[in-house]
Amino acid sequence: MARFKDRKVSAVCVIEFKELVQQQTFGKLSVELIKYILYQREQIPLPFVQLKRWLTDESEKVDSAKPIGNAESNVSLCTNIKLNQERKQSELIRNKKMRKAKRFLESCEEVFDSVLLTVGEKQSDFKLQQVLVCLGGTPVSPKEVYIIRLPRQPTCKHCIHSAPKSFRSCMTRLFREMISTDGLLSSSKLSPTQCTIMLQVLRKNPLPKNMEPKLYFKVPVRGKHVILDFCFSNCCHVEMDQFPVFSDSDMDLGESVNNDINIIAVGDLESTNNSNMDKSLVCLVEDLTLKIPSEDDYIWVQLKPTIKGFKDSCTKQASELNIWM
Amino acid sequence: MANVNSANAVTLKGSADIVSEFFNYGINSILYQRGIYPPESFTRLQKYGLTLLVTTNDKLQHYLSIVLKQLREWLISKDVHRLVVVISNIDTKETLERWEFKIECDKDIKTNSKPKQKDIKEIQNEIKGVIRQITASVTFLPLLEVPCAFDLLIFMGKEAEVPNEWAESPPYLIPDSEEVQLRSFSTSIHKVDTAVTYKNTE
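Looking at an unreviewed UniProt entry, chain B carries the name Mitotic spindle assembly checkpoint protein MAD2A-like, with the source organism given as Limulus polyphemus. The Subcellular location (unreviewed entry) comment attached to chain B in UniProt states, word for word, "Nucleus". Recorded in UniProt under Sequence similarities (unreviewed entry), the annotation for chain B is "Belongs to the MAD2 family."

Under an unreviewed UniProt entry, the name given to chain A is MAD2L1-binding protein-like isoform X1, and the source organism is Limulus polyphemus.

Here you go:
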């Protein structure tokens, strides 16, 4: 078991993508991961999609339900009363479960919308970096923490213009890796508890109402940690980091200022004193350098509402060995 | 009834009961998750601390009952090595998916042997993990966009007694396939490993 800054890391799963994957896709994958974690860690009795379907089916049953029996018939009156009482009892239990399920699904939809907002069209506004799924009473002291790390988008001109990998194939890849990674998710029992989603995003004012900034929040030390690392394979088109590189040739760089100028050749920034260097190029270098955010530019936000799991208390128990008919 | 003397003692027959019961719920889960039968033909039950879906189709229940009763006998006689759920295209008969359950048995154990010690709750917890993974597998398995049928294959030892109702069958392997290993569980007498193989669509 690895230790990193006193945090107990139970498992790490690295999912590497060789092709371009858009930020929106990572957002959707994060949402699918949250759904997966909630079911696998026993916070909901059925997988998310099946739970939605169950709620729809039960709501239809409630709408079409009729009272039992005919009160005018004295012969079956006692039976009808008893049946109605039993039915009311089971209805109460079922309705309670339906209310919990409805509340749970509504909370999830709000949270998922927020996650997808950070990777939406104006993705540059948020630059979602990490998603934390904290299972436990509070996000500061949870029982389990799932850290989903998103990669920075590649800046290589060749890579960013390549055909992006589809969401379906990314999801296939992701869940195959996760299920194949032994011991990734704990198999220990975990009662339904609070689930808090934290996002690490670029500072932005104002934040949407359901994103509460937590300026002093840090990834909690307590609880089991599972890290899910999305990353891109090393790009073969550039050798350096994401910083732009420039040629010291005397060719006119005016046009390239308006285009992608990631690569030309390795240059020395001190040669800006060279009178041949385009002044606009110098400004662009400084501008680009400033645009790359540092760690301090990111903050943690807590998504509202918190999600509360629930148990299945109304489905009947299977009888012992009822397969022997 | 399972021959279990206490909550922690597992006999050969008790282990066979546990494993057969798992296959009942496991096969039902696969049939539901992969849409082999319509979802409205399933009902919900609580088992292993999970909400599981089991068929209400009489014919399917009858079929599974026959197979699993026989399986139980073979588990006790220690003749069975593997159970495979084969999913194939109804029209072309092409095998699209194989759920393979490898079964290992303690060779030394007999029906009158001293029970082995393993907490039944621990066994149920392991089974729960396997079934949850079966449920989760739909996220990466290719969509089955054609009407499908299923077959159950049981791989036996050569010396095993096979009733007349059972026929020999090819293995229905999938060329150009991908395999994913899922979790396993053990009763301390029988160990069951699960894997799913599917047609490579990429």
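K.L.:
Would you take a moment to explain the packing of aromatic side chains for this structure?
P.N.:
Centre-to-centre distance and the angle between the planes together describe a pair of aromatic rings. Counted under the stated rule, the structure contains 19 aromatic pairs over all chains. Geometrically, the ring pair formed by F140 of chain B and Y198 of chain B is tilted, given 6.1 Å between the ring centres and 55° between the ring planes. Taken together, the residues F140 of chain B in the loop between α3 (120-136) and β7 (148-156) and Y198 of chain B in strand β9 (residues 190-199) connect sequence positions 58 residues apart. In this structure F140 of chain B comes out as buried when scored by relative accessible area, which is 1%. Ring pairing ties together the aromatic residues F17, F26, F230 and F232 of chain A, which thus form one cluster. Stacked on the ring of Y48 of chain B, the Lys or Arg K47 of chain B has its end atom at 5.6 Å from the ring centre. Over the aromatic face of Y39 of chain A sits the side chain of R132 of chain B, whose NZ or CZ is 4.6 Å from the ring centroid.

K.L.:
Looking at this structure, how should I read the pairing of strand β4 (residues 80-89) of chain B?
P.N.:
Remark: a regular strand shows side chains that alternate across the two faces of the sheet. Residue and element names in this part refer to chain B. Among the 10 residues of β4, eight are classified as buried, and the element is accordingly described as predominantly covered. With nine bridges connecting them, β4 and β7 associate as antiparallel partners. Paired with L83 across the two strands is I154, which belongs to β7. Summarising the sheet, β4 and strand β5 (residues 95-105) pair through seven bridges and their orientation is antiparallel. Considered in β5, the bridge of S88 is made with T95. In this antiparallel pair of consecutive strands, β4 and β5, the connection spans five residues, and K93 shows a positive phi of 65°.

Calculation criteria
- Each chain carries its own residue numbering, running from 1 in the direction its sequence is written.
- Chains and ligands are labelled by the order in which they are written, letters from A for the one and numbers from 1 for the other.
- Reporting in this predicted model follows two pLDDT cut-offs: at least 70 for local features of residues, and 80 or more for side-chain atom pairs to be given and counted; totals over whole chains, interfaces and linings ignore these cut-offs and use all residues.
- No hydrogens and no water enter the side-chain calculation; it runs on all heavy atoms of the structure.
- UniProt positions are given in the numbering used here, feature names are shortened, and annotations may be inferred rather than shown by experiment.
- In summary, the pairing rule links any two rings of Phe, Tyr or Trp, Trp by its six-membered ring, whose centres are within 6.5 Å, and it sorts them by plane angle into stacked for under 30 degrees, edge-to-face for over 60 and tilted for everything else.
- Numbering of helices and strands runs from the N terminus, with a helix taken as a DSSP run of H or I at least four residues long and a strand as a DSSP run of E at least two residues long.
- Working definition: with a 1.4 Å probe on protein chains only, accessible area under 20% of the residue-type maximum means buried, over 50% means exposed, and in between means partly exposed.
- Definition used: whenever NZ (Lys) or CZ (Arg) falls within 6 Å of the ring centre and also within 35 degrees of the ring normal, the charge is taken to sit over that ring.
- Strands are treated as partners if at least two bridges between them are detected by DSSP.

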